[in-house]
Amino acid sequence: MAALRDEELQKTGAVWLAYNMGDSRLDLAEYIACNRIEATLPIRCASGHFCFNSHSLRPLVAGFQLFNNHYDRFRLRSHFGSLESIHFSLQTFGIPTDVSPMKADGSWSTDHHLEWLRAQARQEEAGAGKLQGDAVAEHVIIPRKFDVLFGKSARARLSTGTQRALHLVDIHREQYEKASKYEKTDLAEKIMTAIFKSNGRFLKQTKKCGGWTVVDDVEARQKIAHWFRHMRWKSSQSQQYEGSQQEEVSSWRESSNARDEGEDGDTAVFARPTKRMTPSISPLTTEGE
Amino acid sequence: MSKFRLCTMDLAKEAGLSVHRFPISSEETAIAEDALARALNKLSLDEQEKIIFDVHGIATMPHEYEDTANVSLKALEKEIDRISKKDAYNQALFLNPNFVKDPKFQLMFLRALEFNIEAAADMIVKHFDAKHELFGDGEILAREIRQSDLSARDLEIVQHGLFQILPTSDASGRAVICMIVDLHNFRMSEFVSLIGAQFMFAVLLCDRLPSAHYTVRLSEIKGTPNVLRSHGSAS
């Protein structure tokens, strides 16, 4: 996680998302007390979203803005309504509501949160020896937009960073096929550089801690090479499939013609389509981590 | 605490509203909203644009040159030296100068305040003041707090999930910190627990970075929000 340690977060700031579902309301003294602590933490609030479903909280929202500091005051947006309509509104600000812990019945999930705490605790234990003085051990990582995620999960396969990396591999596929052994390595490294330049990393989920860790450059390059090879295989499978389809069609036509010609019907041959071939599977599902 | 990020009463005073409580009636709400609209209109177009870009995640961060960062760090040192009342900071410096003077640690404050040197110096000093207030002047003042430092009650609050960070970032790659207001399990009189939870969570976010790791022993917190006791095992 290392949110505050993450340079990108330090530069871009964080987004605060507050749910106040129901009639619970803070008073000003409590709000000031919260703020008093927050004001000593080096984290920039890029924007804030206050979600509520009770009309009685409208004065509270105005109060938050009224008493907030000059910087944060106008960065707060309020969202009123059912959880569904609130989430729809939040999506227009780019908030990933599909992973929001809040549930429609007013309860919230702690699955990811507890997982994160456990992962952090394990890393603390693992790095206990290194934590003396100012040494900083490995930290738990939250995937960023252009991070390439290893693994078979839908989250890993469909992440923006993974999809972008696959696209980069796809557009350089022809070049890769024509390249010599060393040129192929160069090409893989160019793609890695492009990912690094957009602040992306190659992340792998560890079995031990359950968190994400950054893989080394060699492993990242191997992954890209694997994608290239997989795309070659996928392409050949696709061609093979198309060829078999054409054969099927032509044999069906021949048999159809033969049937038309033999009006008695005695010589007619009915060709049945053979079983369909599955063209391909996702490249990420073929490699074990 | 750092004066640059503290709540302000000026707008409420200008609007003639109470500075001791939030607006409660629809009339007061309307007055507050008018005051906010006027304040927004007073901002320059550049400031308004920056806010909109930040809210929608389309703001571009100026490139941070190494030279500029080094100059800012030197200026920050000078600015901290100019602050006379900084006992907690001096104590931390005495205990572990590598921790306090770590450029990565100082840059966190500079970046949080968009390289406003004066504000960053103030925040660093107040940061150690707060840490001292919570933990005393033991060795923990100049080291990070670990999850294992939390008491069972502290952990219970943290595990309740009132403060969580979403597993994925927003469309522009920013971390999303989710806060759930739950005053059913934590009554108003116990609200400081929430403050403690928030503080701890914010601290946990730091993830063993030698910086803002705090916790509070919630069982020691009495009714008033300002009373934040130090963690017993820490000092």
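No experiment lies behind these values; they were computed from the predicted model shown.

Trainee: Before we go on, may I ask you to explain the overall build of chain A in this structure?
Mentor: Scanning chain A from N- to C-terminus turns up 11 helices and six strands. Taken over 289 residues, chain A has a buried fraction of 35%. Taking the intrachain contacts of chain A between residues at least 6 apart in sequence as the baseline, contacts between residues at least 24 apart amount to 65%.

Trainee: It is not clear to me how the environment of A:Glu174 should be interpreted in this structure. Could you clarify?
Mentor: By secondary structure assignment, the location of A:Glu174 is in helix H9 (residues 173-178). For the pair formed by A:Glu174 and A:Arg232, sequence separation is 58 residues and the distance between their alpha carbons is 9.4 Å.

Trainee: Looking at this structure, how should I read the sheet that holds strand E1 (residues 14-20) of chain A?
Mentor: Each strand in a sheet pairs with its neighbour through backbone hydrogen bonds, running either in the same direction (parallel) or in the opposite one (antiparallel). Spatially, E3(A)-E2(A)-E1(A)-E2(B)-E1(B) is the arrangement adopted by the five strands of the open sheet, whose pairing is mixed. Two strands close off the open sheet at either side, each with one partner strand: strand E3 (76-80) of chain A together with strand E1 (163-165) of chain B. Looking at each pair of strands side by side, their axes are set apart by 20° on average, direction ignored. Where strand E2 (residues 45-52) of chain A and E3(A) come together, five bridges link them in parallel fashion. The residue bridging A:Cys51 from the neighbouring strand is A:His79, located in E3(A).

Trainee: Quick question: what am I supposed to make of the sheet that holds strand E6 (residues 212-214) of chain A here?
Mentor: Residues and elements named next belong to chain A. Strand order in this open sheet of three strands is E4-E5-E6, and the pairing throughout is mixed. Strand pairing shows two members of the sheet lacking a second neighbour, strand E4 (148-149) and E6, which therefore form its edges. Note that strand E5 (residues 202-205) and E6 share three bridges and pair antiparallel. Paired with lysine 204 across the strands is threonine 213, a residue of E6.

Trainee: I tried to follow the confidence of the model for chain A on my own but got confused; where do I start?
Mentor: Detailed conclusions should not be drawn from predicted coordinates in areas where pLDDT is low. All names here are of chain A. Residues with a pLDDT of 70 or more make up 81% of chain A, whose mean pLDDT is 78. Every residue in residues 265-271 is under pLDDT 50, and counting partners more than four places away or in other chains gives 12 contacts. Confidence drops under a pLDDT of 50 for residues 273-289, and excluding neighbours within four residues, the segment shows 24 contacts in the predicted structure.

Trainee: Just to check I follow, could you spell out unusual backbone geometry for this structure?
Mentor: Most peptide bonds take the trans form, and the phi angle of most residues other than glycine is negative. Residue and element names in this part refer to chain B. Look at glutamate 114: it is not a glycine, yet its phi comes out positive at around 50°. In this structure glutamate 114 comes out as partly exposed when scored by C-beta crowding, with 14 C-beta atoms within 10 Å. Even without glycine at this site, phenylalanine 115 takes up a positive phi of about 60°. Locating phenylalanine 115 in the fold gives a position in the loop between helix H7 (103-112) and helix H8 (117-135). Under the C-beta neighbour-count criterion, phenylalanine 115 is labelled partly exposed, with 19 such atoms within 10 Å.

Trainee: Where do I start with the nonpolar core in this structure?
Mentor: General note: in soluble globular proteins, nonpolar side chains tend to be found buried as a group. Counting 97 residues, the largest nonpolar core has A:Ala14, B:Ala120, B:Ile124, B:Ile177 and B:Met179 as its most contacted members. Take this core: its biggest share by element is 10 residues, from H8(B). The residues touching B:Ala120, leaving out its near neighbours within four places in the chain, are B:Leu76, B:Phe109, B:Leu110 and B:Leu113. Within the second largest apolar cluster, five residues are counted, among which are A:Trp116, A:Ala119, B:Ile157 and B:Val158.

Trainee: Is there a simple way to explain helix H2 (residues 26-42) of chain B in this structure?
Mentor: Each turn of an α-helix holds 3.6 residues, which means side chains three or four residues apart point in the same direction. An ideal rise of 1.5 Å per residue puts 24 Å on 17 residues; H2(B) measures up with 24 Å between its terminal C-alpha atoms. All buried positions along H2(B) are accounted for by B:Glu28, B:Thr29, B:Ala32 and B:Ala35. Burial along H2(B) is one-sided: seen end-on, the buried residues are contained in an arc of 125°. Pointing more than 90 degrees away from the buried face of H2(B) are the exposed residues B:Ser26, B:Glu27, B:Asp34, B:Ala37, B:Arg38 and B:Asn41. Along its buried surface, H2(B) packs onto helix H3 (58-67) of chain A together with helix H1 (10-15) of chain B.

Trainee: Which parts of the structure should I look at to understand H7(B)?
Mentor: All names here are of chain B. Of all 10 residues in H7, eight are buried; the element is thus mostly enclosed. Buried residues of H7: Phe105, Gln106, Leu107, Met108, Phe109, Leu110, Arg111 and Ala112, and no others. At the exit of H7 stands glutamate 114, carrying a positive phi of roughly 50°.

Trainee: Before we go on, may I ask you to explain the pairing of E2(A) in this structure?
Mentor: One face of the sheet, then the other: side chains in a regular strand alternate in exactly this way. Taken across its eight residues, E2(A) has eight buried, putting it largely inside the fold. The β-α-β motif built from E1(A), the intervening helix H2 (residues 28-38) of chain A and the parallel element E2(A) has right-handed crossover chirality.

Trainee: Even after reading the chapter, I still don't get the packing of H3(A) against H2(B), so can you show me in this structure?
Mentor: If you want to describe how two helices pack, look at the angle between their axes and the distance between the axes. The geometry of H3(A) relative to H2(B) is characterised by a closest axis approach of 9 Å and an angle of 35° between their N-to-C directions. Read as a crossing pair, H3(A) and H2(B) show a hand that is left-handed. Taking contact as the criterion, the partners of A:Arg58, A:Pro59, A:Ala62, A:Gly63, A:Gln65 and A:Leu66 in H3(A) are, on H2(B), B:Glu28, B:Thr29, B:Ala32, B:Glu33, B:Ala35 and B:Leu36. Residue composition of the contact of H3(A) with H2(B), by class: six nonpolar, three polar and three charged.

How each quantity is defined
Residues numbered from 1 in each chain as written. Chains lettered and ligands numbered in written order. Predicted model: local features only at pLDDT ≥ 70, side-chain atom pairs only at ≥ 80, totals over all residues. Helix = DSSP H or I, 4+ residues; strand = E, 2+ residues; numbered from the N terminus. Buried ≥ 20, exposed ≤ 12 C-beta atoms within 10 Å, placed from the backbone. Contact = placed C-beta atoms within 7 Å. Pairing = 2+ DSSP bridges. Axes fitted to C-alpha atoms, helices over the stretch in contact; angles between N-to-C directions. pLDDT = per-residue confidence, 0-100. Core = buried A, V, L, I, M, F, W, Y, C linked by C-beta atoms within 7 Å. Expected span 1.5 Å × (residues − 1). Arc of directions from axis to C-beta. Right-handed = clockwise from strand over helix to strand, strands pointing away. Left-handed = near helix turned anticlockwise from the far one by under 90°. Nonpolar A, V, L, I, M, F, W, Y, C, P; charged D, E, K, R; others polar.

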